[in-house]
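Here's the letter readout for the chains.
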Amino acid sequence: MKYIEIFDSTLRDGAQGEGIQFSLVDKLEIVRALDALGVAYIEAGNPGSNKKDMAFFEEMRSVPLQNAKLVAFGATRRRGIEAADDPNCRSLLAAGTPCVCVFGKSWTLHVTEVLRATLEENLEMVRDTVRFFKDAGKEVIFDAEHFFDGYKADPGYALSVLAAAANGGADCLCLCDTNGGCFPDEIYEMVSKVVARFPEPMRVGIHCHRDTGNAEANSVMAVKAGAVQVQGVYAGFGERCGNAALTTVIPNLQLKLGCLCIPPENMGLLTETARRICEIANINPDAQAPYVGSSAFTHKAGMHIDGVSKNSISYEHVSPELVGNERRFLMSEVAGRGALLAALRKVAPELDKNAPEATQLVELLKQMEFEGYQFEAAEASFELLVRRRLGQKPHFFDLQSYRVLNEQDSGCTAVVKLSVDGRTKLSAAEGDGPVHAMDVALRKALEGFYPCLRKMRLIDYKVRVLESRDATAAKVRVLIQSTDGADIWTTIGVSANIIEASWAALTDSIECKLIKEQGV
């Protein structure tokens, strides 16, 4: 198997994405997750750019890694100064990582118009900086920024920049499609030429952005052309349109092309790691992300569901279990009886397709969808519905009453009265809105009985008016998405009363968490 080094830049390039902000604790947790997955390199930031990054590198001195090498990132020395006297170079050295990633200009436009340097000065800056770190005993990866644009403009100079880094002792030459404007055939052609120009033991890497939607394909084509290192961001977020998503690149290379990117026994961690990193980054995972998205192995059409039920390869290119994901059948009017029965068997494996309960549930589903329910977006509520009808839902609490007060100047207050095993609990809470107040009050009342609810939080809330012609009397559909940091689930409520619809979705969400916790 051809070994491909996976170089994760979530904590550096990923952190440049809009809305992404990592605390020191966040960065430590992401490093642990990536190291457990088995990536080769973790690029963790630029210690010369801010105090938080340097504090992180200092903290990492006492955190042993099992699989990955930690990498500090920074630029070549400035023009007219020795690398040993350059503050950025000194901070990279002070980070104490076994490997440094140095980026330098390989496009003449950037050399003359951004750096305001001569072409020869830039070559000296690249060569001297790489040599400085090699003399300090570091492994050096040279990121040739804008390499492909530079090669198109002046191939001789772009290659001379790589030669300068190689002469300085670089261990790996990484070619960066920094503007993300290349197509796969272009990448293959140019990487092939670089690999021929700099044969082994020199390693060639690839770093792609998603501005044309080709980052993952470009990364694969680079490997086919001879690259042995792929740089990317695990979940694909990053500056502008993002970076090559390693959640796609890794299985494409390992499952499709027979390369070795991470230990084979860790492939099942791909989905879990993606959800964990998105949770830490405080973003919703891309449902349609290949391999790891919640929709990646989801089927709705009756014909597809029937085919997959008989033989999964009829509509799936790989088994979801290989990447730690799961197959889902969506409940809707187009899914068919077979889909419903497949979903029912996840809750009640013993249920026969001809059982009266199955027929009753089919009719109930149709009636509820007619009334405005949409279970394809709320599988957790569908599971609860099935459990209730089959008498398989544990009894967690009894609601006695709830009330929501919305005062113009004082915000919202919710009061909840419920009982658990005959013990009554009255709870009140304030919130930014009625749903927030209900959420806080309900969990406040239940956490004493069920401490696991402290890990749970609401992450999304959607309201859809079902019949606009009814104006303010129209029914609304409320979808609530919740997480406990490990899983994400969605529940639904429908009513002409938005508070009542929200309450139904909210209580379903809590019951789903309790069922999961009990393993029933």
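Once a new chain begins, its residue numbering starts again from 1 and follows that chain's sequence as written. Local features in this predicted model are restricted to residues of pLDDT 70 or higher, and side-chain atom pairs are both shown and tallied only at a pLDDT of 80 or more, whereas totals for entire chains, interfaces and linings draw on every residue. Water and hydrogen atoms were dropped before computing side-chain values, which therefore reflect all heavy atoms in the structure.

## Re helix α16 (residues 434-446)
Phase 1 of the analysis: Comment: elements are numbered from the N terminus, with helices defined as DSSP H or I runs of at least four residues and strands as E runs of at least two. Take the residue count of a helix, subtract one, and multiply by 1.5 Å to get its expected span. The first and last C-alpha atoms of α16 sit 18 Å apart over 13 residues, in line with the 18 Å expected at 1.5 Å per residue.
Phase 2 of the analysis: Of the positions making up α16, those classed as buried are Val435, Ala437, Met438, Asp439, Ala441, Leu442, Arg443, Ala445 and Leu446.
Phase 3 of the analysis: Contacts between residues were defined by any pair of non-hydrogen atoms, one from each residue, lying within 4.5 Å. Taken together, the buried residues of α16 touch β11 (398-407), β12 (411-420), β13 (423-431), β14 (457-465), β15 (476-483) and α17 (498-518). For every residue, the accessible area obtained with a 1.4 Å probe (protein chains only) is divided by the maximum for its type, and the residue is called buried under 20%, exposed over 50%, and partly exposed between those limits.

## Some points on the side chain of Lys105
Phase 1 of the analysis: Turning to its location among the elements, Lys105 is positioned in strand β4 (residues 99-105).
Phase 2 of the analysis: Any pair of nitrogen or oxygen atoms within 3.5 Å is treated as a polar contact; in protein, a donor-acceptor pairing is required on top of that, and neighbouring residues in sequence qualify only through side-chain atoms on both sides. Here His110 takes part through its side chain, which lies 3.3 Å from a polar atom of the side chain of Lys105.
Phase 3 of the analysis: At 2.8 Å, the side chain of Lys105 forms a polar contact with the side chain of Glu145.
Phase 4 of the analysis: Once you skip the residues sitting within four places of it in the chain, Lys105 turns out to touch His110, Val111, Val114, Leu115, Asn122, Glu145 and Val161.

## A short note on the sheet that holds strand β1 (residues 5-8)
Phase 1 of the analysis: Note on pairing: DSSP must find at least two bridges between two strands before they are called paired. Judged by pairing direction, the barrel is parallel, and its eight strands sit side by side in the order β1-β2-β3-β4-β5-β6-β7-β8 before closing back on the first. Mean inter-strand twist for the sheet, computed between neighbouring axes without regard to direction, equals 25°.
Phase 2 of the analysis: Two elements, strand β3 (residues 69-75) and β4, share five bridges in a ladder whose sense is parallel. Following the sheet pairing, Phe73 is matched in β4 by Cys101.
Phase 3 of the analysis: Here helix α3 (residues 87-94) sits on the sheet and contacts β3 and β4; the angle it forms with β3, its principal contact strand, is near 175°.
Phase 4 of the analysis: Against the sheet, helix α10 (residues 246-256) touches β1 and β8 (229-232), its axis set at about 155° to β8. Lines fitted to the C-alpha atoms define the axes, with helices restricted to the stretch that makes contact. Angles between their N-to-C directions range from 0 to 180 degrees.

## A look at the pairing of β13
Phase 1 of the analysis: Here β12 pairs with β13 via nine bridges, running antiparallel. Opposite Cys412, over in β13, you have Gly431 as the bridge partner.
Phase 2 of the analysis: Linking two consecutive strands that pair antiparallel, namely β12 and β13, is a turn of two residues; a positive phi of about 50° is found at Asp421 within it.

## A word on the pattern of salt bridges
Phase 1 of the analysis: Salt bridges are identified by distance alone: a Lys or Arg side-chain nitrogen within 4 Å of an Asp or Glu carboxyl oxygen. With the rule as written, the count across this model stands at 30 salt bridges.
Phase 2 of the analysis: In this structure, Lys516 engages Asp487 in a salt bridge whose closest nitrogen and oxygen atoms are separated by 2.7 Å. One end of the pair, Lys516, is in helix α17; the other, Asp487, is in the loop between β15 and β16 (488-495), and 29 residues separate them in sequence.
Phase 3 of the analysis: Take Asp487: its relative accessible area is 29%, and that puts it in the partly exposed class.
Phase 4 of the analysis: Overlapping salt bridges, with partners in common, bring together Asp484, Asp487, Lys513, Lys516 and Glu517 in one network.

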